[in-house]
There are 2 protein chains.
Amino acid sequence: MKALIVNQLNAPPIWAEMPDPRPNEAEVIINIKAAALNHRDLFITKGQYAGIQTPCILGSDGAGEWNGTQVILYPALAWGDNPPYQSKEFRVLGMPENGTFAEQISIPKSNIFPMPEHLNWEQAAALPLAGLTAWRTLFSRCQLKKGEKVLITGIGGGVALTALQFAIAAGAEVFVTSSTSAKIEHATKLGAKGGANYRESDWDKRLKQEAGGFDVIIDSAGGDGFALFPSLCNPGARVGFYGGTQGKVNGLSLQPLFWKQISLLGSTMGSPQEFQTMLDFVQQHEIVPVVDSVYPMSAGAKAFEKMSLGEQFGKIVLKQS
Amino acid sequence: MKALIVNQLNAPPIWAEMPDPRPNEAEVIINIKAAALNHRDLFITKGQYAGIQTPCILGSDGAGEWNGTQVILYPALAWGDNPPYQSKEFRVLGMPENGTFAEQISIPKSNIFPMPEHLNWEQAAALPLAGLTAWRTLFSRCQLKKGEKVLITGIGGGVALTALQFAIAAGAEVFVTSSTSAKIEHATKLGAKGGANYRESDWDKRLKQEAGGFDVIIDSAGGDGFALFPSLCNPGARVGFYGGTQGKVNGLSLQPLFWKQISLLGSTMGSPQEFQTMLDFVQQHEIVPVVDSVYPMSAGAKAFEKMSLGEQFGKIVLKQS
């Protein structure tokens, strides 16, 4: 079969012949119809990941055909039996195991789920990792309730956008931040009530005046901006975070956090059970993931180039040609 | 009646004549038998608190007689109807309302609870604020379970010591930190499995080697030491904090927090319902609060002097002479 492989680090992935997958007894072969990029994939091509082995087939997100049915893939292995946290054997799909950027993948049968009927291949492929991370962070960890006010930072990324869609579908009032006003505007078209450009001074004070404080904040940046959250929070607020791209947090004051009974909740993607619950929610509310752009999988190097610019709004998708 | 009053800031409180309390319809008069100091009281005498009014009667903790029965006082007013967080009207007993450092106090009838039968006046007076804060932080917020490993920092203070006793009674394995080895030794006599002196280099690494990681950490210091917690935590751990005496937190890395699904949970003292549950637990396990020293209330200035040295192990109590 053909696959998009990483042969050497700091070089574009190449579309090349690889051995056909050989499933073990618990596995099935999926004909991948579409896949989607995550930052994890880009980091691996740049060598910014532990234990990289080459050649490897990247890709955590995928949708395809199995036995004449349309399936969507749970994007990880070995979560384990414990809902609160993953097992030590847990790993995301794609490196070291072969991922979804290929014509076929051999995957445990327990990883395949019926694809939501209202989605096409590209939309379905855009959902798994971002949707599952948004789901766990918003609902399992932050226990978002109808009518609450939510702030989602760095709108434009897959998780942030899916969190926006999920929170609106759950009846929350959502505000966003971004470094570009165009992305904020785009988010308001998707239903956000407002937003702030965090490059502007006093953005936090103006946002608090506009929104009146938040019950839930969803963040993947960390860094010094994280220290602004306590004063943006309402009593009883939950701050869910699943990344820390801006580095360590400095200047975090505990007094408003304990006095307002605030919870800071680390989160990742979730369990297969959470994946099923997320898919049910997506189907029920007919949520369509935001797709930024679609590339033929055979020209996947261009998709990686696009992602490294960081200007996308939504998922970058690879389609089988 | 006589009371220990703060007449001017940065001066010792004085035992002086004050008007007798005049209860409104919802209030009753308690003859205070014993009271206990909290850091809040000391901070107020030093002017380190918002909205201080003088003269005032301090004191949040108290036990006494009402109508021929022995009662212990819920140490705050107006928590409100919402278990997750207190109302805007919430305030701790003692300044601006008159507190427990007096012969009598007029207090809402809903603030009085039957005193646990195995405690004497001094032990009962040592319980309310510290016990309620420890209870809420350990159980309501951190959801401590039997068999878990707990780290309690800065052992010696009232909340930390009560948390130690509660956690042991709940079947947890407890470790402590302190700046003095004598306090760690004292804590092991109360049932702690071990501990570390945080003034020593690499205390965190040695403690992790000894204990193997923690499921719950209870802290009131904050500061730079807080940034060591993520690596001390087991997956799914909860860090409960109810103070920040060492200032803002710097250098906090989010990666281990989200990958290990850790929760950082701000907490304070709790609601009247939590107070009742805490009292039931204390009665059931016959927990006796650790009393450092007892002073006649009329000589209360000496108790404040003792607290400002910071060498106590347990509560500093005032007894009616």
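Residues numbered from 1 in each chain as written. Chains lettered and ligands numbered in written order. Predicted model: local features only at pLDDT ≥ 70, side-chain atom pairs only at ≥ 80, totals over all residues.

K.L.:
Help me understand the overall build of chain A, please; the structure alone is not making it clear to me.
P.N.:
A tally of helices and strands in chain A yields ten helices and 18 strands. In terms of overall size, chain A behaves like a compact globule, its C-alpha atoms giving a radius of gyration of 19 Å where 321 residues would be expected to give roughly 20 Å. Over its C-alpha atoms, taken along the principal directions, chain A stretches across nearly 60 × 35 × 35 Å. For chain A, buried positions account for 52% of its 321 residues. Sequence separation of 24 or more characterises 68% of the internal contacts of chain A that already satisfy a separation of 6 or more. (Helix = DSSP H or I, 4+ residues; strand = E, 2+ residues; numbered from the N terminus. Rg over C-alpha atoms; globule rule 2.2 N^0.38 Å. Buried ≥ 20, exposed ≤ 12 C-beta atoms within 10 Å, placed from the backbone. Contact = placed C-beta atoms within 7 Å.)

K.L.:
Please explain unusual backbone geometry as it appears in this structure.
P.N.:
Glycine aside, a negative phi is what most residues show, and trans is what most peptide bonds show. Looking along the chain, the bond that leaves B:Thr54 and enters B:Pro55 is cis, with omega of -5 degrees. Its place among the elements puts B:Pro55 in the loop between α1 (39-45) and β4 (56-57). Here the bond from B:Met95 into B:Pro96 is cis, since omega is 0 degrees, no more than 30 degrees from zero. Structurally, the position occupied by B:Pro96 is in the loop between β8 (91-92) and β9 (104-108). Backbone geometry places A:Asp202, a non-glycine residue, at a positive phi of 60 degrees.

K.L.:
Would you mind showing me how to read the domain arrangement of chain A here?
P.N.:
Frequently, the measure chosen for interface size is the accessible area removed from exposure when the parts meet. The domain boundaries assigned to chain A delineate domain 1 (2-127 + 289-319) and domain 2 (133-266). One C-alpha centre belongs to domain 1 of chain A, the other to domain 2 of chain A, and the line joining them spans 28 Å. (Domains from an automatic or database assignment.)

K.L.:
Where do I start with the packing of helix α3 (residues 128-141) of chain A against helix α9 (residues 272-284) of chain A in this structure?
P.N.:
For any two helices packed against each other, the geometry comes down to the angle between their axes and how far apart the axes lie. All names here are of chain A. Taken N-terminus to C-terminus, the directions of α3 and α9 make an angle of 95 degrees; their axes are 10 Å apart at the nearest point. The orientation of α3 relative to α9 falls into the category roughly perpendicular. Here Gly 131, Leu 132, Trp 135, Arg 136 and Ser 140 of α3 come into contact with α9, specifically with Glu 274, Phe 275, Met 278 and Val 282. Residues belonging to the contact of α3 with α9 are distributed by class as follows: five nonpolar, two polar and two charged. (Axes fitted to C-alpha atoms, helices over the stretch in contact; angles between N-to-C directions. Parallel < 35°, antiparallel > 145°, perpendicular 65-115°, else oblique. Nonpolar A, V, L, I, M, F, W, Y, C, P; charged D, E, K, R; others polar.)

K.L.:
Looking at this structure, how should I read the interface of chain B and chain A?
P.N.:
Taken together, the contact between chain B and chain A spans 29 residues of the former and 29 residues of the latter. Sorting the residues of the side of chain B that touches chain A by element identifies β15 (233-241), α8 (254-259) and β16 (263-266) of chain B as the ones contributing at least two each. The element contributing the most residues to the side of chain B that touches chain A is α8(B), with five residues. Split into classes, the residues belonging to the side of chain B that touches chain A amount to 14 nonpolar, 13 polar and two charged. Pairing geometry for strand β16 (residues 263-266) of chain A and β16(B), over three bridges, is antiparallel. In the sheet register, A:Leu265 faces β16(B), and the bridge partner there is B:Ser263. (Pairing = 2+ DSSP bridges.)

K.L.:
Hey, could you run me through the sheet that holds strand β2 (residues 14-17) of chain A in this one?
P.N.:
Two modes of strand pairing occur in sheets, parallel and antiparallel, and in both the strands are linked by backbone hydrogen bonds. Read across the open sheet, the three strands follow the order β2-β1-β4 (chain A); overall the sheet is antiparallel. Each end of this open sheet is capped by a strand with a single partner; those strands are β2 and β4 (56-57) of chain A.

K.L.:
Mind showing me how you'd approach the sheet that holds strand β1 (residues 2-6) of chain B here?
P.N.:
Residue and element names in this part refer to chain B. Across the sheet, which stays open at both edges, the three strands sit in the order β2-β1-β4 with antiparallel pairing between neighbours. Each end of this open sheet is capped by a strand with a single partner; those strands are β2 (14-17) and β4. Sheet topology note: the β1/β4 ladder contains two bridges and is antiparallel. Bridged to Val 6 within β4 is Cys 56.

K.L.:
I keep staring at the nonpolar core and nothing clicks. Help me out?
P.N.:
The nonpolar side chains of soluble globular proteins are, as a tendency, buried together. One finds A:Leu164 and B:Leu164 to be the most contacted residues of the largest nonpolar core, which totals 200 residues. Not counting residues within four places of it along the chain, the set of residues in contact with A:Leu164 comprises A:Ile152, A:Ile155, A:Val174, A:Val176, A:Ala187, A:Leu190 and A:Ala192. (Core = buried A, V, L, I, M, F, W, Y, C linked by C-beta atoms within 7 Å.)

K.L.:
In this structure, what is going on with the pairing of strand β11 (residues 149-152) of chain B? I would like to understand it.
P.N.:
Consecutive residues of a regular strand have side chains that alternate between opposite faces of the sheet. Residue and element names in this part refer to chain B. Sheet topology note: the β11/strand β12 (residues 173-178) ladder contains four bridges and is parallel. Bridge pairing in β12 links Val 150 to Val 174. As a crossover connection, the stretch from β11 through helix α4 (residues 158-169) into β12 is right-handed. Alignment of β11 against strand β14 (residues 214-219), held across three bridges, turns out to be parallel. The residue of β14 that forms the bridge with Ile 152 is Ile 218. (Right-handed = clockwise from strand over helix to strand, strands pointing away.)

K.L.:
Just checking my understanding: could you explain the relation of the copies chain B and chain A for this structure?
P.N.:
Note: a rotation about an axis with an accompanying shift along it relates these two copies of the chain. Overlay of chain B on chain A (RMSD 0.0 Å): rotation 180 degrees, translation along the axis 0.0 Å. The transformation just described matches what one would write down for a two-fold rotation axis. Relative to the rotation axis, the closest C-alpha in chain B is found at B:Asn250, a distance of 2.0 Å. When the interface residues of chain B are mapped onto chain A, 100% of them are again interface residues, pointing to one common binding face. (Least-squares fit on C-alpha atoms with pLDDT ≥ 70 in both.)

K.L.:
Help me understand the environment of A:Ser178 in this model?
P.N.:
All names here are of chain A. Tracing the backbone through its elements, the reader meets Ser 178 in strand β12 (residues 173-178). Sequence separation between Ser 178 and Tyr 198 is 20 residues, and the spatial gap between their C-alpha atoms is 6.1 Å. If we ignore the near neighbours within four places in the chain, the residues touching Ser 178 are Gly 154, Ile 155, Gly 156, Lys 183, Ile 184, Gly 195 and Asn 197.

K.L.:
Sorry, what's going on with the pairing of strand β13 (residues 194-197) of chain A here?
P.N.:
All names here are of chain A. Here β12 pairs with β13 via four bridges, running parallel. Bridge assignment links Val 176 to a residue of β13, and that residue is Gly 195. The parallel pair β12 and β13 is bridged by helix α5 (residues 181-189), and the resulting crossover is right-handed.

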